[in-house]
Amino acid sequence: MSQQPTRILVVDDEPQIRRFLRASLGVHHYQIIEAATGEEGLTRAVADHPDLVILDLGLPDIDGTEVIRRLREWSKVPIIILSVRGRESDKIDALDRGADDYVTKPFGIGELLARIRAALRHQLQSETDQPLFRAGGLAVDLARRAVTVDDREIRLTPKEYELLRHLVIHAGKVLTHQYLLREVWGPTFMRETHYLRVYVGTLRQKIEPEPAQPRYILTEPGVGYRLRDADE
Amino acid sequence: MTMSSDTRPSPEALLATARHEGGGRLKIFLGAAPGVGKTYAMLGAAHNRQRQGVDLAIGIVETHGRPETIALVEGLEVITRKSIEHNGRKLDEMDIDAVIARSPALVIVDELAHTNAPGSRHRKRFLDVEELLAAGIDVYTTLNIQHLESLNDAVAQITGIRVRETVPDRIMERADEVELVDISVEDLLGRLRDGKVYLPDQAERAIGNYFRPGNLSALRQLALRHTAERVGDQMHTYMRAHAIPGPWPTQERLLVSIGPSPLSQRLVRAARRMADRRHAEWMAVYVETPRHYRLADADRERVARTLRLAEELGGEAITIPGEEIAEDLIRFARSRNVTEIVIGKSLRSRWFELLHGSVVGKLIRDSRDIDIYVVTGDEEESAIGTAPARRSPGRSPLLDDLLWSILGAGGAGAAAYILGSLISLPNLLMIFLVGVMASAVGRGLRASILASVLGVLIYDFFFVRPLLTFTIASLQDLLALAIFLLVAIIISNLTARIRDQAAAARRREERTAALYGLSRAIAGAVGLNRVLEAIVAQVGNDLRAKVAVLLPGAEGMTQRAVYPAGAGLNDQEQGAATWAWEHNQAAGRGTDTLPGKSWLYLPLRGSDGVAGVMAISPDTTDTIIPPDQRRLLEALADQAAVAIERARLAHDIERARLASERDRLQATLLSSISHDLRTPLASILGSVTTLRQKDTGLTEETRHDLLATIQEEAERLNRFVGNLLDITRLESGALRINREWVEISDVIGTALSRLVRQLEHHRLDIAVETGLPLLRLDFVLIEQVFVNLLDNAARYSPAGTTIGIHACRRDGSVEIDVTDQGQGVPPEDLERIFDKFYRVEHGDRQIAGTGLGLSICRGIVEEHDGTISAISPGHGGIGTIFRIIIPIDAESPVVERSEQ
């Protein structure tokens, strides 16, 4: 398989942001396709088949969530949205509509790169299963259903394990409260965020070296949780 | 320079002059009788003025086809009259709106005493004239002396003709100029013979009587005397206004006692003249006895008018509740150091005086050092010239009284007949006393007296020998009957008086209750709208009426509150409201202006002019609003006006306070923004330009430093912008609280993870009590609170010290302390550090901060019903503790963990 460069479509109306992304992502061997409006973005997506889309939610012509909806009608391309603090509901909305992750403006390039890597990896993962997850001292063997911290086996309840499993499958990627509740407890529990709070709390007690300052399971305020990726 | 106080013009006199200066000037051409040539003289004067260049127009002049008059109208502008249809007849009236729209400097209005056609704005032409004057237009008008209200009775006596069209004396008093148009009686009779005098049809019948030389002489005398008196008054006013010194004894105080008699108004005028001559203060006093409530409405209205007149004439108008007029007057007079009392000669019958005693007699007996002036009333007491007393529809009261007395006496007779066999004869009379009492309690004095007389007759006829005749045989029976009658009448009197007193007390109670109710309702209301709602609801409820309050707005009078909801005014009615507001006079139902409206409009007179208009529409079909109720309404309106003014004032003060607060904040904001935005920008720009310079030979270390500076400063800028946004959202109320169940340790952990770099030089001591309940919080906002607090702690305490976070349960709340070991906060600043843009001065270098962080923290915590406070020094006598207390939600959820 020849090493073709990964192509990223950047949809943002701010030329400065596009220029900065072109420069800094170019350094990391990503090829950038630019679009300044939502419509242009959709056209480019059809024409150029990018491997990943970075999408600003505040576009001059159509709403970012609308772009996601129309993209998702035909494509499974990973989408990372750019949003601002204080608009958590927008982020959740975008994630519900099929966006894969988000970065809050302003952001450092390191954070964006981590999100891009996580999103791209999951794209591949569906093809090549990876039964063993490792991040720091935490290791989760999905095939054996075994969890160890610093080589010490941790006993988890079935729900705790389910929760951790979903986080592991999507390691590095944000998972919304609703997603986790639906997947672990079922659709009738989608509003019972306190279940999630309590289980995340006990899970942290078991796997985090310092539960008050979690290292693995990170809280995304107002949105959900994210398991720290191995390379972060 | 010294100014002696007695050469200074008296304020009242200056005020009177000033009042006139505000409106137009009024000149009255006064005549003794029709035909003396008033209109002619007026038009002649008008031509003179026009020649002088005065812009004038004729509002209305009746020429009656006389060629001399027609010739004089020539050359003057005539404003087209308004045609009003009434009962199929077309009547021409002056078009007051057209006159005001044309707005000449001077307008000619003939016949001041004229009564306007129904459907006109005002009932009387003199009201039109008053409005014109108020609009600043000068008016020339004509008037015959017979039309002057106070002379009405005298004229009727002289001529035998009752003049229906009267003009109140206030118009005459308000006139700036009065020109007497006088011709000799012989000349007038000659003009009459030549057919030069126009007389209205109805007067023709009486012409023979009216134009008798004796009558005309008397009328002429009246006119001349009135004019002379007026000149005297003017002289006096002039002297006072120009401070021409005179003997000014200030000790004297004059009291005039008024009653419902039409003479009272003359009494007031007389008293005023006396007071003026003595340069004394004066007051008109009405003693409101229980009898007041038995008076006809017209009489009560007259009392109110007399009191108003006294006020208009510069006296004080006072109503005192009382029993015995003489006693109460003297008591009041002593309390006010009155030196003289003026009272009208009693017009009551001798019988009345025998029963009640003469007020004048008692006054004279008890007055001691107070002088009593008894002013003669030369006419009989009557209600001539005023509308007859209005009675409630239904049976006449006399018939009712008769019915009650027959019932009382007849019932007693029947009872006596039944008991006749058991009780001896004279004792049977006692039963009749019961009947008399019943009538007195049920209906009052007249009924009980009737019952007494009837009782005597029945007893005499049926029980006294010889039976079935009115003859009385024995002296004993005659004596018994006489004594019975005497006792019955005394009982009637006493009972009726008690009854009236009770009624009076009840009415006073109602009035007081209404006023008290309103003041209480207003006191509880905050803000103008609440006050208005309270007013309409309270007044509407009390009077069972529809009530609205209108306030002047950008688009005229707008209805601001109405009771009951939905009862509003239509546009036409709003016009009346506007009139009432503009003219500061009552209008609409039951008044002289626009009486055809279904609402009554009362101006809300405050200390600062007319605040608005209260509209009232009682739920009765009666178009007239009784004077009692009207006075109550006026009292309520006064109270409402004060409340509205107060509410407005409070609003203005609040607005001014907020404005100055805003100004102060804006200034701080600007200086803060310019500092906090520019400083990081300067560092960033400086670093970047350095990096971009070519061939400077920067070492790798320097490049690294510069880049670190750029990153730090950009982050600082970001933080500042974020804070600005947060504070703006908090203050504008745009902040949406998104509550969810949250573990406080999760919030703290997330905040810590965001501050890894800022906290890297400090030790952390985190202790969160296990088993804390979940809290319903906005995760993002509360996390922001901890970020701000921890960031502050890191910045204001030296490296290497410990920053602590301790969370524990305390009573029904969770208490979280964020502690540092910095230099602490001076006690006087512990509260102020939560103010916007407040930064503790540390003498040395100021640590860069926005001055917004703590203010945001407090805003957010309070939005969550929690509290945040600073304690300094903290543990071990150093540093600061920021303590957040958040109440635990009663329904903190329990998570079932049955799976294990």
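Remember, it's a predicted structure, so these values are computed and weren't measured experimentally.

**Some details on the overall build of chain B**
The helix and strand tally for chain B stands at 27 helices and 24 strands. Classification of the 900 residues of chain B by burial places 35% in the buried group. Within chain B, contacts between residues at least 6 apart in sequence are counted, and of these 69% link residues at least 24 apart.

**So, the overall build of chain A**
Each helix and strand counted, chain A has 8 helices and 12 strands in total. Relative to its 232 residues, chain A shows a buried fraction of 37%. Contacts in chain A between residues far apart in sequence, at least 24 positions, make up 57% of those at least 6 positions apart.

**Here we look at the nonpolar core**
Residues and elements named next belong to chain A. Core analysis: the biggest nonpolar cluster contains 57 residues, and V53, I54, L55, I81, L164 and L167 have the highest contact counts within it. Considering every element that reaches this core, the biggest residue donor is helix α8 (residues 193–207), with 6 residues. Two domains each donate at least three residues to this core, and these are domain 1 (6–125) and domain 2 (132–227). Discounting chain neighbours no more than four positions away, the residues touching L167 are L175, I217, Y225 and L227.

**With respect to the interface of chain A and chain B**
If you look at the interface, chain A gives 20 residues, while chain B gives 25 residues. Elements with a minimum of two residues in the side of chain A that touches chain B: α6 (158–169), α8 and β11 (217–220) of chain A. In terms of residues, the side of chain A that touches chain B owes the most to one element, α8 of chain A, which gives 6 residues. Taken together, the residues of the side of chain A that touches chain B break down into 8 nonpolar, 8 polar and 4 charged.

**Things to note about the sheet that holds strand β2 (residues 30–35) of chain A**
Residues and elements named next belong to chain A. The 5 strands lie next to each other as β2-β1-β3-β4-β5, forming an open sheet whose pairing is parallel. Edge positions in the sheet fall to β2 and β5 (101–105), since each of these pairs with one other strand and no more. Direction aside, the axes of adjacent strands within the sheet are offset by 20° on average. Note: strand β4 (residues 79–84) against β5, 5 bridges, orientation parallel. Among the inter-strand pairings, I81 is bridged to a residue of β5, identified as Y102.

**Let's talk about helix α5 (residues 125–134) of chain B**
In an α-helix, one turn spans 3.6 residues, which is why side chains three or four residues apart end up on the same side. All names here are of chain B. Counting buried residues along α5, 9 of its 10 residues qualify, which places the element largely inside the surrounding structure. Buried within α5 are the following residues: R125, F126, L127, D128, V129, E130, E131, L132 and L133. Each element contacted by the buried residues of α5 is listed here: β1 (26–31), α4 (96–102), β5 (106–109), β6 (138–144), α7 (169–174) and α22 (571–583). Following α5 by one or two positions, G136 has its phi on the positive side, about 85°.

**Structural notes on the environment of P826 of chain B**
Its location among the elements puts P826 of chain B in the loop between β22 (813–819) and α27 (853–863). Distance from P826 of chain B to P873 of chain B, taken between C-alpha atoms, is 8.5 Å for residues 47 residues apart in sequence.

**Remarks on the sheet that holds β11 of chain A**
Hydrogen bonds between backbone atoms are what pair the strands of a sheet, whose relative direction is either parallel or antiparallel. All names here are of chain A. If you trace the 3 strands from one edge of the open sheet to the other, you get β10-β12-β11, paired in antiparallel fashion. Every interior strand has two partners, whereas the edge strands, β10 (174–176) and β11, have only one. Each adjacent strand pair in this sheet contributes to an overall mean axis angle of 30°, direction not counted.

**Digging into the confidence of the model for chain B**
Residues and elements named next belong to chain B. When pLDDT is averaged across chain B, the result is 80; 87% of the residues are at 70 or more. Of the regions scoring below 50 in pLDDT, residues 245–249 engages in 7 contacts with residues more than four places distant in sequence or in other chains. Interface confidence in the predicted complex, given as ipTM, is 0.85; pTM for the same model is 0.46.

**Some words on the packing of helix α12 (residues 263–278) of chain B against helix α13 (residues 297–312) of chain B**
All names here are of chain B. Where α12 contacts α13, the two axes come as close as 9 Å, and the packing angle between them is 15°. In this view, α12 runs roughly parallel relative to α13, as classed from their interaxial angle. With respect to the hand of their crossing, α12 and α13 are arranged in right-handed fashion. When α12 is examined against α13, the residues S264, Q265 and V268 are found in contact with a partner set consisting of T306, L309 and A310. Broken down by class, the residue content of the contact of α12 with α13 amounts to 3 nonpolar, 3 polar and no charged.

**So, the packing of helix α24 (residues 700–732) of chain B against α27 of chain B**
Residues and elements named next belong to chain B. In the contact formed by α24 and α27, the axes pass within 10 Å of each other and the chain directions differ by 40°. Read as a crossing pair, α24 and α27 show a hand that is left-handed. Packed against α24, whose contacting residues are N723, D726, I727 and L730, the element α27 presents G853, S855, I856 and G859 at the interface. By residue class, the composition of the contact of α24 with α27 is 3 nonpolar, 4 polar and 1 charged.

**Some words on the pairing of strand β4 (residues 89–93) of chain B**
Residues and elements named next belong to chain B. Bridge analysis of strand β3 (residues 82–86) against β4 gives 5 bridges, and the strand direction is antiparallel. Paired with I84 across the two strands is L91, which belongs to β4. Turn length for the β3-β4 hairpin, with the two strands adjacent in sequence and antiparallel, is 2 residues, and the turn residue N87 shows positive phi of about 50°.

**Here's the deal with α27 of chain B**
Residue and element names in this part refer to chain B. Burial of α27 is extensive: 9 of the 11 residues sit out of reach of the surface. Where α27 is concerned, the buried positions are G853, L854, S855, I856, C857, R858, G859, I860 and V861. Contacts made by the buried residues of α27 are with α24, α26 (779–796), β23 (867–871) and β24 (881–887). D865, located one to two residues past α27, shows a positive phi value of around 65°.

**Concerning unusual backbone geometry**
Following K105 of chain A, the chain continues into P106 of chain A via a peptide bond in cis, with omega recorded as -10°. Take P106 of chain A: it is sitting in the loop between β5 and α5 (109–125). Residue P564 of chain B is bonded to the preceding Y563 of chain B through a cis peptide linkage, with omega at -10°. Structurally, P564 of chain B can be placed in the loop between β14 (556–563) and α22. Positive phi outside glycine occurs at H49 of chain A, with the angle close to 45°. Positionally, H49 of chain A belongs in the loop between α2 (38–48) and β3 (52–56). Backbone geometry places N584 of chain B, a non-glycine residue, at a positive phi of 55°. Mapped onto the fold, N584 of chain B is located in the loop between α22 and β15 (587–588).

Rules behind the numbers
Residues numbered from 1 in each chain as written. Chains lettered and ligands numbered in written order. Predicted model: local features only at pLDDT ≥ 70, side-chain atom pairs only at ≥ 80, totals over all residues. Helix = DSSP H or I, 4+ residues; strand = E, 2+ residues; numbered from the N terminus. Buried ≥ 20, exposed ≤ 12 C-beta atoms within 10 Å, placed from the backbone. Contact = placed C-beta atoms within 7 Å. Core = buried A, V, L, I, M, F, W, Y, C linked by C-beta atoms within 7 Å. Domains from an automatic or database assignment. Nonpolar A, V, L, I, M, F, W, Y, C, P; charged D, E, K, R; others polar. Pairing = 2+ DSSP bridges. Axes fitted to C-alpha atoms, helices over the stretch in contact; angles between N-to-C directions. pLDDT = per-residue confidence, 0-100. Parallel < 35°, antiparallel > 145°, perpendicular 65-115°, else oblique. Left-handed = near helix turned anticlockwise from the far one by under 90°.

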